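What the coordinates show
Here is what each chain is made of, one letter per residue.
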Amino acid sequence: MARPQPPPWVHAAVLLCLLGLGGAIEIPMDLSQPPTITKQSVKDHIVDPRDNILIECEAKGNPAPSFHWTRNSRFFNVAKDPRVSMRRRSGTLVIDFRSGGRPEEYEGEYQCFARNKFGTALSNRIRLQVSKSPLWPKENLDPVVVQEGAPLTLQCNPPPGLPSPVIFWMSSSMEPITQDKRVSQGHNGDLYFSNVMVQDMQTDYSCNARFHFTHTIQQKNPFTLKVLTNHPYNDSSLRNHPDMYSARGVAERTPSFMYPQGTSSSQMVLRGMDLLLECIASGVPTPDIAWYKKGGDLPSDKAKFENFNKALRITSVSEEDSGEYFCLASNKMGSIRHTISVRVKAAPYWLDEPKNLILAPGEDGRLVCRANGNPKPTVQWMVNGEPLQSAPPNPNREVAGDTIIFRDTQISSRAVYQCNTSNEHGYLLANAFVSVLDVPPRMMSPRNQLIRVILYNRTRLDCPFFGSPIPTLRWFKNGQGSNLDGGNYHVYENGSLEIKMIRKEDQGIYTCVATNILGKAENQVRLEVKDPTRIFRMPEDQVVKRGTTVQLECRVKHDPSLKLTVSWLKDDQPLYIGNRMKKEDDSLTIFGVAERDQGSYTCVASTELDQDRAKAYLTVLGRPDRPRDLELTDLAERSVRLTWIPGDDNNSPITDYVVQFEEDQFQPGVWHDHSKFPGSVNSAVLQLSPYVNYQFRVIAVNEVGSSHPSLPSERYRTSGAPPESNPSDVKGEGTRKNNMEITWTPMNATSAFGPNLRYIVKWRRRETRETWNNATVWGSRYVVGQTPVYVPYEIRVQAENDFGKGPEPDTVIGYSGEDLPSAPRRFRVRQPNLQTINLEWDHPEHPNGILTGYSLRYVPFNGTKLGKQMVENFSPNQTKFTVQRADPVSRYRFTLSARTQVGSGEAVTEESPASPNEAYTNNQADIATQGWFIGLMCAIALLVLILLIVCFIKRSRGGKYPVREKKDVPLGPEDPKEEDGSFDYSDEDNKPLQGSQTSLDGTIKQQESDDSLVDYGEGGEGQFNEDGSFIGQYTVKKDKEETEGNESSEATSPVNAIYSLA
């Protein structure tokens, strides 16, 4: 935060001032006076030949002056030349070429004369020249043959132009020639090579001249270079070698001067001009240039170095800048110096320029014309444009060298005098008139002015007046008191009153009185004193991050009778209040601060009389600028040194540099992080991989963020080698039940180490010790087919390129594809009480993969009524589950299956057991309503009906039938009943069969026999005879436990039912 000092004009009163404190006296234009030149062209007037020529000359006087011209010191008759005219009420010449003519015909030295009856005033001698842009002479330039390391000068020699053209070098394709301390353009336009390198052959060199007035550029035929070298240009390792010259076989040389030549030279410069000293040296390595002044220091306020220190410019030289300067050219082989003796000459310059002289009749006066120069200029006086020696004699006038003295001046002495002072470097011409007037005092400013001034400031009250003889002026305050002069007041020679420090009591009315022998005149000025404008709460310096909001305060106290305006400057320029800014009476708020908002902010509190300022600096912490000028050196097989120039840290120190690389084989255009370095370094050795075409860039990082990446470096390719690693993340997994897919993460460009990267894939079943199968793959996967379901394999993947194989790979275990698992084993359903059901099971015998879990679906049922099905999923390690029954009556049907990633396998189904009290009732109710049971009963009824019919027929016919016992005991011949193979049908047949008993409800249950209708009616053992009778031969069957599993042994035999009905 700072309060800058206001410029002197800030607190000055608003005054009307006609007379300066030291300026020439001005005669009111209503009074008679000789001519005065007010405007004229420059001495060296260069014009564009395409435009009309304008030579200016304007003057004032009373009466108005007339004009005429001379050309080359002879009268120039404007009326005789139709192309030339003079502007009305002016002496300005206009030469018109619209109707033809050559501007060159009007070149020469012109001078304007302004005349009235009181005298003649002269303009400077104006040298008119027409701008010239001559064409470059055509020439055929042979190639320039030069040995590498030798110096070379390509001369421009532009055609002479007016004014001199601007010279610059480009290629024939209009690309600028890059210049540095080795290759640069001299002040004379030539192009200097301190030492030629083979890369200088990459372009040609053409000198170009740009002419100011015509705005044209002329191009010289280009030079081509042929550099003789010991090494080819495409040897990048030599081109980046730290000792490049010796590596390329270029002999190192001590410096020698190409311009200026020799050990000493001299130079002359005119006072007030710029001094330009130049030293261009050759040598290997390229020399450095330093400048010194013998016997003193270089003027630091005026000296600056140009053209890579090869030129020293001293601006606006003066005599004390004369002396001996020397330049020192040095390299590691030695140094030389060149001394330049500087002489400062001077065209004439004014010490005391003559001023208009106003006298009353009988008064004395003098005109003084003093000038200096080197060499000393001569002074020549003229009157009304004629040499003073040839003018009529005037007894009241005396010439004393550079002074003319007038005594007892009379009205006849009125004239315009010219003083011409000149030397070999130029001239000065001044007009000063002598006017003899009798004029009483008059005031030249408005009357009764109001002047408002600020407390404690310095103020000057002017009272412009005129009179001849020159009046005396006195000041009074509030119409009383003595003349104001001394103390806090000071009256200048021209009558102005200065109050050194305004106080409250200085407020009032001030009267100025001008008096001469012809009378007096007075004027009044009312002075009001106002409180100053002050900023009492100033903005403070702030450091903020980009994107935040900042507020700059500016609170002001001012005189309430004055209108206050508060404005802001940024970097001393008016601040544009955009959408991100809000300006209030006492503050400035910036939203979303950006890097461009950094700078100085000045609050300017202004009234019409004064202002106050307060400045604060806003520092924005931004992301750093990108690094630049990346360079690769120290090139080796597996490393390189990268150097860069840091960018601006934008007020937040750089903490890190991230080096990235890109290669053009595997992932062109994709940048990868290579390494990270501290923010304090700008050079690092990078470790490289074989067979990579590297390109690098650098990113700077600070607390705010990361910079944009630098421009990429040049490329560098390393040589190849066998891989030093194998691919990672090798896996073997089945995608189908009869395959195994082997995958891996492919190696990147920095791991390939050579061209044609490929992978040798090997596999075999684990623990079989069979021979390895192998395949060569260029991708990142290989599928092995026709594999058993989910068996382990040993897998190896080895990298190989055209330089050889990688190291022996590790063995990885993979598995072939999975299938659906078999059903869980030993699925058991137990019901310890009426509230819970416990389920247990064992893992499948054939999981066919990695079990992912079990799925259980179960549904309650009560007779034919089914409840809501529920689903439970279990982890692969869970083999138990407990179901809480919803009611004590319903039973549950459970379906359990195992899962792999392929899906759910074979399911096993079990039902919960029925409770003892309800098993029979429920069974009866359930069977009676089943369709199969109703159909079976109908079939049994039909069979019974058929048997009754057969029995009825047999009984009516009688006879004997052979019968075998159920026990499958053969009938022996000793049995008397079976001698003829038949038995008598008797009432005993109505008795229940052996081994049967009647149940409580009248049904018959078989205890030991598992006979079925097949055994009797459909099994093929029993047949009908030709007469339709039934042969009921019994056959013995195997135990149902052996043939049909766990079928109930209590199923009712249809035959028994028939017998019971019979």
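Treat the numbers as computed from the prediction; the structure is a model and nothing was measured.

**Structural notes on the overall build of the protein chain**
The number of helices and strands found in the protein chain is 8 helices and 85 strands. For the protein chain, with 1062 residues in total, the buried portion stands at 42%. Once local pairs closer than 6 in sequence are excluded, the contacts in the protein chain between residues at least 24 apart make up 65%. For the protein chain, the accessible area works out to roughly 57000 Å², and carbon and sulfur atoms hold 49% of it.

**Side note on the side chain of S41**
Position of S41 relative to the elements: it lies in the loop between strand 1 (33–40) and strand 2 (44–47). When its relative accessible area of 8% is taken as the criterion, S41 is described as buried. From its side chain, S41 meets the backbone nitrogen of E56 in a polar contact 2.8 Å long. When near neighbours in sequence (up to four residues on either side) are disregarded, S41 contacts L54, I55, E56 and I126.

**Concerning the sheet that holds strand 59 (residues 654–663)**
Reading across from one edge, 60-59-62-63 is the order of the 4 strands in this open sheet, with antiparallel pairing throughout. In this open sheet, the two strands that pair with only one neighbour each are strand 60 (672–678) and strand 63 (716–717). Summarising the sheet, strand 59 and strand 60 pair through 6 bridges and their orientation is antiparallel. Residue pairing across strands places D656 opposite P678, the latter belonging to strand 60.

**Section: the sheet that holds strand 15 (residues 183–185)**
Judged by pairing direction, the sheet is antiparallel, and its 3 strands sit side by side in the order 13-16-15 without closing on themselves. In the strand order of this sheet, the two ends are held by strand 13 (152–154) and strand 15, each with one partner. On average, each strand axis in the sheet is tilted by 20° relative to the strand beside it, whichever way the strands run. Note that strand 15 and strand 16 (residues 191–193) share 3 bridges and pair antiparallel. Paired with S184 across the bridge in strand 16 is Y192.

**Section: the pattern of salt bridges**
Where charged atoms of side chains with opposite charge meet at close range, the side chains can pair. Tallying each qualifying case throughout the model produces 52 salt bridges. R758 serves as the salt-bridge partner of E800, at 3.4 Å between the closest nitrogen and oxygen. Taken together, the residues span a long stretch of sequence, with E800 in strand 69 (residues 792–801) and R758 in strand 66 (residues 758–765) at a distance of 42 residues. By relative accessible area, E800 is classed as buried at 14%. When its relative accessible area of 13% is taken as the criterion, R758 is described as buried.

**Quick notes on unusual backbone geometry**
Between V284 and P285 the backbone carries a cis peptide bond, its omega angle lying at -5°. On the secondary structure map, P285 appears in the loop between strand 23 (280–284) and strand 24 (288–293). Look at the link from N374 to P375: it is a cis peptide, with omega at 5°. Here P375 lies in the loop between strand 31 (370–374) and strand 32 (378–383).

**Details of the side chain of T92**
Within the secondary structure layout, T92 lies in the loop between strand 7 (84–86) and strand 8 (93–95). A polar atom in the side chain of T92 sits 3.1 Å from the side chain of S90.

**Quick word on the packing of aromatic side chains**
Considering all chains together, one arrives at 19 aromatic pairs under this definition. The interplanar angle of 85° and the centroid separation of 5.4 Å between the aromatic rings of F193 and Y205 together place this pair among those described as edge-to-face. Placement of F193 in strand 16 and of Y205 in the loop between strand 16 and strand 17 (206–211) is noted, with a sequence separation of 12 residues between them. For the residue pair F193 and Y205, the accessibility class agrees, reading buried in each case. Taken together, the aromatic side chains of F827, W841, Y854, F874 and F881 make up a single cluster linked through ring pairs. In this structure, K43 packs its charged tip against the face of Y427, placed 4.1 Å from the ring centre. A cation over a ring is seen here: R638 above F753, with NZ or CZ 5.4 Å from the ring centre.

**Brief notes about the nonpolar core**
By size, the foremost hydrophobic cluster in this structure holds 30 residues, and its most contacted members are I53, I55, W69, L93, Y106 and Y110. Among all residues touching Y110, those that are not within four sequence positions of it are I55, W69, T70, R71, F76, L93, N124, R125, I126 and L128.

**A short note on the environment of T38**
Looking at where T38 falls in the secondary structure, it is placed in strand 1. When the C-alpha atoms of T38 and E58 are compared, they prove to be 5.6 Å apart, with 20 residues separating the residues in sequence. Not counting the four nearest positions on each side in its chain, T38 is found in contact with E58, A59 and K60.

**Here we look at the environment of M170**
With respect to the helices and strands, M170 occurs in strand 14 (residues 166–170). When the C-alpha positions of M170 and T203 are compared, they lie 9.3 Å apart, and in sequence the two are 33 residues distant. Setting aside residues no more than four positions away along its own chain, M170 makes contact with E175, P176, I177, D204, Y205, S206 and N208.

**Some points on the state of the cysteines**
Tallied over the entire structure, the rule returns 6 disulfides. Here C369 connects covalently by a disulfide to C419, the sulfurs 1.7 Å from one another. On the sign convention where negative means left-handed, the S-S torsion of about -70° between C369 and C419 marks this disulfide as left-handed. Placement of C369 in the loop between strand 30 (365–368) and strand 31 and of C419 in strand 36 (residues 415–423) is noted, with a sequence separation of 50 residues between them. With relative accessibility at 0%, the residue C369 sits in the buried group. Between the sulfur atoms of C463 and its disulfide mate C512 the distance is 1.9 Å. Every disulfide takes its handedness from the sign of the S-S torsion; for C463 and C512 that torsion is 55°, giving right-handed. Of this pair, C463 sits in the loop between strand 40 (459–461) and strand 41 (465–468) while C512 sits in strand 45 (residues 508–516); the two residues are 49 residues apart in sequence, bridging distant segments of the chain. As far as the burial class goes, C463 and C512 line up, both buried.

**Comments concerning the confidence of the model for the protein chain**
On average, the protein chain scores 84 in pLDDT, and the residues at 70 or more come to 84%. Between residues 233–242, whose pLDDT stays under 50, and residues either more than four places distant or in other chains, the model counts 21 contacts. A low-confidence stretch, residues 919–925 (pLDDT under 50), is modelled with 2 contacts involving residues beyond four sequence positions or located in other chains.

**Comments concerning the pairing of strand 55 (residues 599–606)**
Strand 55 sits mainly inside the fold: 8 of its 8 residues count as buried. Examined bridge by bridge, strand 51 (residues 565–570) and strand 55 share 6 bridges and lie antiparallel to one another. The partner of K570 across the bridge, within strand 55, is Y601. Judged from the 8 bridges that link them, strand 55 and strand 56 (residues 611–621) form a sheet pairing that is antiparallel. Each residue of the ladder has a partner; that of C603, found in strand 56, is A614.

**Some remarks on the environment of P723**
By the secondary structure assignment, P723 is in the loop between strand 63 and strand 64 (728–733). Sequence-wise, P723 and S751 are 28 residues apart; in three dimensions their C-alpha atoms are separated by 6.7 Å. Beyond its immediate stretch of four places on either side in the chain, P723 contacts M747, S751, A752, F753, A799, E800, N801, G804, K805, G806 and P807.

Rules behind the numbers
- Residues numbered from 1 in each chain as written.
- Predicted model: local features only at pLDDT ≥ 70, side-chain atom pairs only at ≥ 80, totals over all residues.
- Heavy atoms only, no water.
- Helix = DSSP H or I, 4+ residues; strand = E, 2+ residues; numbered from the N terminus.
- Buried < 20%, exposed > 50% of the residue type's maximum accessible area, 1.4 Å probe, protein only.
- Contact = heavy atoms within 4.5 Å.
- Areas by Shrake-Rupley, 256 points an atom, 1.4 Å probe, with all protein chains shown as cover.
- Polar contact = N/O pair within 3.5 Å; in protein donor to acceptor, adjacent residues only side chain to side chain.
- Pairing = 2+ DSSP bridges.
- Axes fitted to C-alpha atoms, helices over the stretch in contact; angles between N-to-C directions.
- Salt bridge = Lys/Arg side-chain N within 4 Å of Asp/Glu carboxyl O.
- Phe/Tyr/Trp six-rings, centres within 6.5 Å; stacked < 30°, edge-to-face > 60°.
- Lys NZ or Arg CZ within 6 Å of the ring centre and 35° of its normal.
- Core = buried A, V, L, I, M, F, W, Y, C linked by side-chain atoms within 4.5 Å.
- Disulfide = S-S within 2.5 Å.
- pLDDT = per-residue confidence, 0-100.

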